[in-house]
Amino acid sequence: MEKDSPFSSTGRRCIVTLMCIFVTAFVYAQQQKISVSIKELPLKEAISQIAEKALMNVAYSKEFVDTSRKVSLEVKDTDVSKALTLLLKGTNIGFRFLDDSILFYNKEYQNKTEPVDSQGEKKELYVKGKVTDENAEPIIGATVSVKGSTTGTITDINGQYSIKVPYGSTLRYSYVGYREESVIAKATAVNVVMKENAVSLEDVVVVGYGVQKKVNVTGAVSMVKAEAIENRPITNVTTGLQGLLPGVSIVSSSGQPGAVPSINIRGTGTINSSTAPLILIDGVAGGDINLLNPSDIESVSVLKDAASSAIYGARASDGVVLVTTKRGKAGKVEVSYNGYLGIQSLWRNFDFYSPEEYMQLRREAKAHDKGIIDAREISIAEALEDEVMQRVWASGKFIDWEKEMFRNAIYHNHDVSVRGGTEKIKVSAGANYFDQQGMVVTGSGYQKFSLRLNLDFEIAKWISFGINSSYAMTKQDREDGNFNDFITSSPLAEIYDADGKYTKYINSEGNYNPLYRAEHYGREVTRDNYRLNFFMDVKPFKGFNYRLNTSVYNQTSEDGSYKDSQYPGGGGTAVLDESRTQNWLVEN
């Protein structure tokens, strides 16, 4: 009788499946396609570039692998394995893949017979070394363990360790907040540099003075990244946020060019005071989010509950909006331009009465006044009682006030940005110009010009400072009157004289021509804003950070309007209102 297998058929299938997954993942790591251009760089930097593109770690022993020699490589869409083979051609350095790591070794030493004792068993090595971070600072309390065993130790106050391990075993180095490193134990001295396990922007949101994992604050915080708004044809940042933030109400109060929507986070809690949230731009309170160039924004976070915004006190009673602008990065300077041109048009028509309907309404009104049941007994001349309206009715040249009032409006936007720098100095600069015609034919439009410059300086590893500066200038033209004056006007009207100019009156009854009135009125609202922010970070030792933050914000606004001498009902007047605001802030 055959002995039953210790594994059921289901168990065997699971084992086969896991082996297939492991082999697939292993092969995928080697067959990833990468493109690199390396010219006369130290081998250490070259393999770091390749590993970074392949999303893998690097491990080697400096005692046996010479990483100072200069190498060059130019490949495009090439397997990681093939790229490394070309890079190391002509050297005595080999490599192999282990989990998510690339292990480099000396071929000459690797080919030697592994040391054994008199009984033929592998000898043990007494390995010692130092564990540091990317800034060469020792990592205290890092765990050093042997894979597949319970043997292990931790680093001391200087980041040093020592451990006795079997020759050829795998040493694992781990520490909270850092990526795990692995090294094959074939040398007595192994120094390891650990890299921080940085969480991507997709997994964190800005909250107060720091960040939290998005999964932990989903209900209290909403975040929008740059990609969601920078490609939208929008006039301001607030408009670009509409529909992207759950639980946040953004409502446009007017269709005028340059009109700013209102932001409401916690509903309306008062009828007398403002419910606008507290806005912080790069950590500084105050300022106008709508004067920012949407292309300069890295992310926008909204703190909706009391817990997440508690550090701001009473100012945050209506929520907090945190805006982070883009900063320069070390590397090649990047210059970019983004522009677009568009046309705005009315997407639906008002339900105006037709000339025939207008005539019938006047007939019924006259019949009602005379006590006549059948309005058809009222003649056209009696119903209109106006020479101009009778003439227009007879000619059939009626006025479509919607067509006279609106036009297809052109708008265009232009962005230019420069970002780059070195490890010590990083720069991000940008300029933006936006121009929008109003759809109302007279006295409507909006223009904005803005500049931004962000600088970061690293004096030493423990001290750095930066400057955020911005300037914005806006001009808004506002039309006279309101749409009610247009849509309630009679379609039986004459609005142009023999020279093609607007008439003062549209009929013999003395009703003003709203287009004539708008032509003799002007209103212009301009604003100049600048902000200068200086901050300094001091980190004398790990776990301690002191920040000094200072800023000055200045805004000048002018609202000027006039009515010339031809303005109906009395003109020859002008009004100019000016206001200045300046805020200083010092935080530490």
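Right above here is the structure, for reference.
Residues numbered from 1 in each chain as written. Predicted model: local features only at pLDDT ≥ 70, side-chain atom pairs only at ≥ 80, totals over all residues. Heavy atoms only, no water.

As for a nonpolar patch on the surface
A cluster of nonpolar residues, Val333, Val335, Tyr337, Val416 and Val418, forms a patch on the protein surface that exposes about 470 Å² of accessible area. The residue valine 335 is located in strand E22 (residues 331-344) in this model. The class for valine 335 is exposed, based on a relative accessible area of 62%. (Patch = residues over 30% accessible without salt bridge, like charges linked within 9 Å, V, L, I, M, F, W, Y side chains within 5 Å. Areas by Shrake-Rupley, 256 points an atom, 1.4 Å probe, with all protein chains shown as cover. Salt bridge = Lys/Arg side-chain N within 4 Å of Asp/Glu carboxyl O. Helix = DSSP H or I, 4+ residues; strand = E, 2+ residues; numbered from the N terminus. Buried < 20%, exposed > 50% of the residue type's maximum accessible area, 1.4 Å probe, protein only.)

Describing the environment of glycine 283
Structurally, glycine 283 is set in the loop between strand E18 (278-281) and strand E19 (284-285). Once the C-alpha coordinates of glycine 283 and leucine 322 are considered, the two residues, 39 residues apart in sequence, prove to be 7.3 Å apart. Excluding residues within four positions of it along the chain, glycine 283 makes contact with Asn549 and Glu587. (Contact = heavy atoms within 4.5 Å.)

Remarks on the sheet that holds strand E2 (residues 57-59)
Each strand in a sheet pairs with its neighbour through backbone hydrogen bonds, running either in the same direction (parallel) or in the opposite one (antiparallel). Within the open sheet, the three strands sit side by side as E2-E5-E4. Their pairing is mixed. Edge positions in the sheet fall to E2 and strand E4 (93-98), since each of these pairs with one other strand and no more. Put simply, the sheet's adjacent strands are angled 25° from each other on average, direction ignored. Pairing geometry for E2 and strand E5 (residues 101-106), over three bridges, is parallel. Residue pairing across strands places alanine 59 opposite leucine 103, the latter belonging to E5. Those strands touched by helix H3 (residues 80-87) are E4 and E5, and its axis lies near 165° from that of E4. (Pairing = 2+ DSSP bridges. Axes fitted to C-alpha atoms, helices over the stretch in contact; angles between N-to-C directions.)

Things to note about the packing of helix H2 (residues 43-53) against H3
Their axes nearest at 11 Å, the elements H2 and H3 cross at an angle of 170°. As summarised for this structure, H2 and H3 are arranged roughly antiparallel, according to the angle between their axes. Mapping the contact onto sequence places Leu43, Ala46, Ile47 and Ile50 in H2 and Val80, Leu84 and Leu87 in H3. Among the residues forming the contact of H2 with H3, the class breakdown is seven nonpolar, no polar and no charged. (Parallel < 35°, antiparallel > 145°, perpendicular 65-115°, else oblique. Nonpolar A, V, L, I, M, F, W, Y, C, P; charged D, E, K, R; others polar.)

Structural notes on the packing of aromatic side chains
Applying the stated criterion to the full structure yields 12 aromatic pairs. Geometrically, the ring pair formed by phenylalanine 457 and phenylalanine 465 is stacked, given 4.9 Å between the ring centres and 20° between the ring planes. Three or more aromatic residues joined by ring pairs form one cluster here, namely Phe457, Phe465 and Phe534. (Phe/Tyr/Trp six-rings, centres within 6.5 Å; stacked < 30°, edge-to-face > 60°.)

A short note on the environment of proline 491
Counting through the fold element by element, proline 491 comes out in the loop between helix H11 (483-487) and helix H12 (514-519). When its relative accessible area of 5% is taken as the criterion, proline 491 is described as buried. Taking the C-alpha atoms as reference, proline 491 lies 9.4 Å from phenylalanine 352; in sequence the two are 139 residues apart. Those residues in contact with proline 491, other than ones at most four positions away along the chain, are Tyr353, Pro355, Tyr358, Val392, Phe398, Ile399 and Trp401.

Describing empty space enclosed by the protein
Going through the model one piece at a time under the given rule, you end up with six cavities of 30 Å³ or more. A volume near 150 Å³ is recorded for the second largest cavity. Forming the boundary of the second largest cavity are 17 residues, of which Leu291, Leu292, Arg452, Ser470 and Ala472 lie nearest the centre. Residue assignment for the lining of the second largest cavity shows that the elements contributing at least two residues are strand E25 (445-460), strand E26 (463-477) and strand E27 (521-538). (1 Å grid on protein atoms, 1.4 Å probe; cavity = no way out; pocket = protein on both sides within 12 Å on 5 of 7 lines; lining within 4 Å. Points joined across faces, edges and corners; volume = space filled by probe spheres on them.)

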